[in-house]
Amino acid sequence: MQSDILSIHTSTKPGNEQLISKERIAMMKDGAILINTARGKLLDYDALEIALLQGKLFGAGLDVFPEEPVRSSSICNLPNVICTPHLAFYTDYTLTIMNEHVINNAVQYVVKKYS
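Parameters at a glance
- Residues numbered from 1 in each chain as written.
- Predicted model: local features only at pLDDT ≥ 70, side-chain atom pairs only at ≥ 80, totals over all residues.
- Heavy atoms only, no water.
- Helix = DSSP H or I, 4+ residues; strand = E, 2+ residues; numbered from the N terminus.
- Rg over C-alpha atoms; globule rule 2.2 N^0.38 Å.
- Buried < 20%, exposed > 50% of the residue type's maximum accessible area, 1.4 Å probe, protein only.
- Contact = heavy atoms within 4.5 Å.
- Areas by Shrake-Rupley, 256 points an atom, 1.4 Å probe, with all protein chains shown as cover.
- Lys, Arg positive; Asp, Glu negative; His and termini not counted.
- Charge placed at Lys NZ, Arg CZ, Asp CG, Glu CD.
- 1 Å grid on protein atoms, 1.4 Å probe; cavity = no way out; pocket = protein on both sides within 12 Å on 5 of 7 lines; lining within 4 Å.
- Points joined across faces, edges and corners; volume = space filled by probe spheres on them.
- Nonpolar A, V, L, I, M, F, W, Y, C, P; charged D, E, K, R; others polar.
- Disulfide = S-S within 2.5 Å.
- Pairing = 2+ DSSP bridges.
- Right-handed = clockwise from strand over helix to strand, strands pointing away.

Moving on to the overall build of the protein chain. The secondary structure content of the protein chain amounts to 3 helices and 4 strands. Starting at the N terminus, the α and β elements of the protein chain follow one another as β-α-β-α-β-β-α. Against the 2.2 N^0.38 benchmark of 13 Å for 115 residues, the protein chain shows a C-alpha radius of gyration of 19 Å, more extended than a compact globule. Judged by the C-alpha coordinates and their principal axes, the protein chain covers about 65 × 30 × 25 Å. By residue count, 28% of the 115 residues in the protein chain fall in the buried class. Considering only residue pairs separated by 6 or more positions, the protein chain has 59% of its internal contacts joining residues 24 or more positions apart. Surface summary for the protein chain: the accessible area is close to 8100 Å², and the carbon and sulfur share equals 57%. Charged side chains in the protein chain number 10 positive and 12 negative. The centres of these two groups are separated by 9 Å.

Moving on, we get to the layout of surface pockets. Over the atoms rolls a probe the size of a water molecule, and its path tells where empty space is left. Counted as a void, the largest pocket has a volume near 180 Å³. Lining of the largest pocket is provided by Tyr45, Phe65, Pro66, Glu67, Glu68, Pro69, Val70, Arg71, Ser72 and Ser73. Residues of the lining of the largest pocket, tallied by class, amount to 5 nonpolar, 2 polar and 3 charged.

A word on the state of the cysteines. This structure, assessed with the given rule, holds 1 disulfide. Each disulfide pairs two cysteine sulfurs, and for Cys76 the partner residue is Cys83, the sulfurs being separated by 2.4 Å. Of note, the bridge from Cys76 to Cys83 carries an S-S torsion of about -95° and is left-handed in sense. The class of Cys83 is partly exposed, set by a relative accessible area of 27%.

Burial along strand β2 (residues 32-36) is one-sided: the residues Ala32, Leu34 and Asn36 are buried and none of Ile33 and Ile35 is. Direction of pairing for strand β1 (residues 5-8) relative to β2: parallel, over a ladder of 4 bridges. In the sheet register, Leu6 faces β2, and the bridge partner there is Leu34. Direction of pairing for β2 relative to strand β3 (residues 57-62): parallel, over a ladder of 5 bridges. Residue pairing in the sheet places Ala32 in a bridge with Leu57 of β3. A crossover connection joins β2 to the parallel β3 through helix α2 (residues 45-53); in handedness this β-α-β unit is right-handed.

Just distances and angles here, no functional claims.
Below, the structure written as structure tokens:
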């Protein structure tokens, strides 16, 4: 692969577990960055950690993990890794929008049912 950054965005349907495996990491461009914000089971985290420690990859951004919540993960202690909790939708703005959708859906249901 020739990409400088690989960002994973797919589901964990059957057959996608460890889609980014040791073999696929080896195919990546040296010095690339891998980002996983999709699902933890899509990535072989042990292989990723080895690739980061050996300098094959420059860094990683991880927002999801094979088991959540993450209690302890050595990969998160690496200086070239950023680990964040998978809760981007918990911002005040997003919660407001989600609440508005719920209220609007309830109102539309009542209007349709009693019109």
